[in-house]
Amino acid sequence: MRAFYHPDQALHDPQQYMQIGRVVAPKDLPVRTEKLIGALTARDIAIEQPHEVGPDAIRAVHAPYYIDFLMSAWDRWSALPVHGVEVWPNTFPYWNGRPEEAARPPCPADSIIAQTGWYLGDLSVPMGPHTWLSALRAAETAISAAEVIARGGRSAYALCRPSGHHTRSDRGSGFCYLNNAAIAAQHLRNTFPRVAILDVDAHHGDGTQQIFYHRADVLTISVHADPLNYYPFFTGYAHETGLGDGAYFNLNLPLQPGSTGDAMATAIDVALERIRAFDAQVLIVALGYDAHRLDPIGVLKLEVEDFGKIGAQIRAAGLPTLIVQEGGYAIDVIGDCLGAFLDGLGG
Ligand code: ZN
């Protein structure tokens, strides 16, 4: 198992998070990276630094005007005569939510305040002075790990933070700024005709779904808590199956709140059956631990051992596997969850 991580990813240090009408302590703390690194070092897995690829490598997935916004947002925000400690939107433009429209046009206004509302979709994606660098490094981590798989490696782990799976082609949300798993999938398409992404996180991988919603070459599957009463609320339903060329190449498997490892294991079996039918040559697992019962923003009830079972199920699928880190905010257990998953994957 090769693993990648860059220390710059811990520089992103959000100060604010809006939850049910209150500004509360952020959940995506830099210390998360230390806990995950601990699980790797405990297993003698060396941590390699990704190589720099720069922003061009991510334009294959994200709109250029969105990348321009991310790169310039902090400087423009901090140049405002009066501003808060982070880039944080206070306007939310109407979007019709129609998935058949793959991307919106660029923001019509030049104002950084307007663009912040246009490109940051909710109040969980504040941007500080280092957010862009951390997000870029996370994407580079995903690409470096993907290159291991492209060269014939059987497994690789990308310790991505910030996470990625809520990022659409042109909009950040849900602690995510660049869609690391989608960037890796696009990169792997240079080598493999058919790539499958299995998103195992308490939250629907809405950004990943949107990016590939019209495509048949990247199968997207997400197992997550039912969005009827859980973020991201507006997508993640079973009837969302893809459009156009992508019809039936998206599968959502929502779980009822309170579901345990048994329901998760059943859903993973369904997902892997679909991946077999798709005849994927490579599998990307977008892996979060916020399905653990102790997660501070979770509604599912998995135990640490359940992540080991998921790892074993994925191992049995027998595909080259890239693991891309997503969420998980129970600081005291996320390292154990990663460790259990890797043990299961390793057999
Ligand atoms: Zn999550």
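The rules behind each value
- Residues numbered from 1 in each chain as written.
- Predicted model: local features only at pLDDT ≥ 70, side-chain atom pairs only at ≥ 80, totals over all residues.
- Heavy atoms only, no water.
- Helix = DSSP H or I, 4+ residues; strand = E, 2+ residues; numbered from the N terminus.
- Rg over C-alpha atoms; globule rule 2.2 N^0.38 Å.
- Buried < 20%, exposed > 50% of the residue type's maximum accessible area, 1.4 Å probe, protein only.
- Phe/Tyr/Trp six-rings, centres within 6.5 Å; stacked < 30°, edge-to-face > 60°.
- Lys NZ or Arg CZ within 6 Å of the ring centre and 35° of its normal.
- 1 Å grid on protein atoms, 1.4 Å probe; cavity = no way out; pocket = protein on both sides within 12 Å on 5 of 7 lines; lining within 4 Å.
- Points joined across faces, edges and corners; volume = space filled by probe spheres on them.
- Nonpolar A, V, L, I, M, F, W, Y, C, P; charged D, E, K, R; others polar.

## Things to note about the overall build of the protein
For step 1, the next point in the chain: Regarding its fold elements, the protein presents nine helices and 10 strands.
For step 2, the next point in the chain: In terms of overall dimensions, the protein is globule-like: its C-alpha atoms have a radius of gyration of 18 Å, near the 20 Å expected for 347 residues.
For step 3, the next point in the chain: Taken along its principal axes, the extent of the C-alpha atoms in the protein is 55 × 45 × 40 Å.
For step 4, the next point in the chain: Classification of the 347 residues of the protein by burial places 59% in the buried group.

## Brief notes about the packing of aromatic side chains
For step 1, the next point in the chain: Summed over all chains, the structure comprises nine aromatic pairs.
For step 2, the next point in the chain: Geometrically, the ring pair formed by Tyr17 and Phe175 is edge-to-face, given 5.2 Å between the ring centres and 70° between the ring planes. Of the two residues, Tyr17 is situated in strand β2 (residues 17–19) and Phe175 in the loop between β5 (155–158) and α5 (180–188); the sequence distance between them amounts to 158 residues. By the burial criterion, Tyr17 is buried, and Phe175 matches it.
For step 3, the next point in the chain: Members of the aromatic cluster, joined through ring pairs, are Tyr65, Tyr66, Phe69 and Tyr119.
For step 4, the next point in the chain: When the ring centre of Trp118 is taken as origin, the NZ or CZ atom of Arg104, which lies over that ring, is 4.7 Å away.

## Quick notes on the layout of surface pockets
For step 1, the next point in the chain: The computed volume of the second largest pocket comes to approximately 460 Å³.
For step 2, the next point in the chain: Taken together, 26 residues form the lining of the second largest pocket, with Tyr17, Gln19, His203, Tyr231 and Phe233 sitting closest to its centre.
For step 3, the next point in the chain: Residues belonging to the lining of the second largest pocket are distributed by class as follows: 12 nonpolar, 11 polar and three charged.

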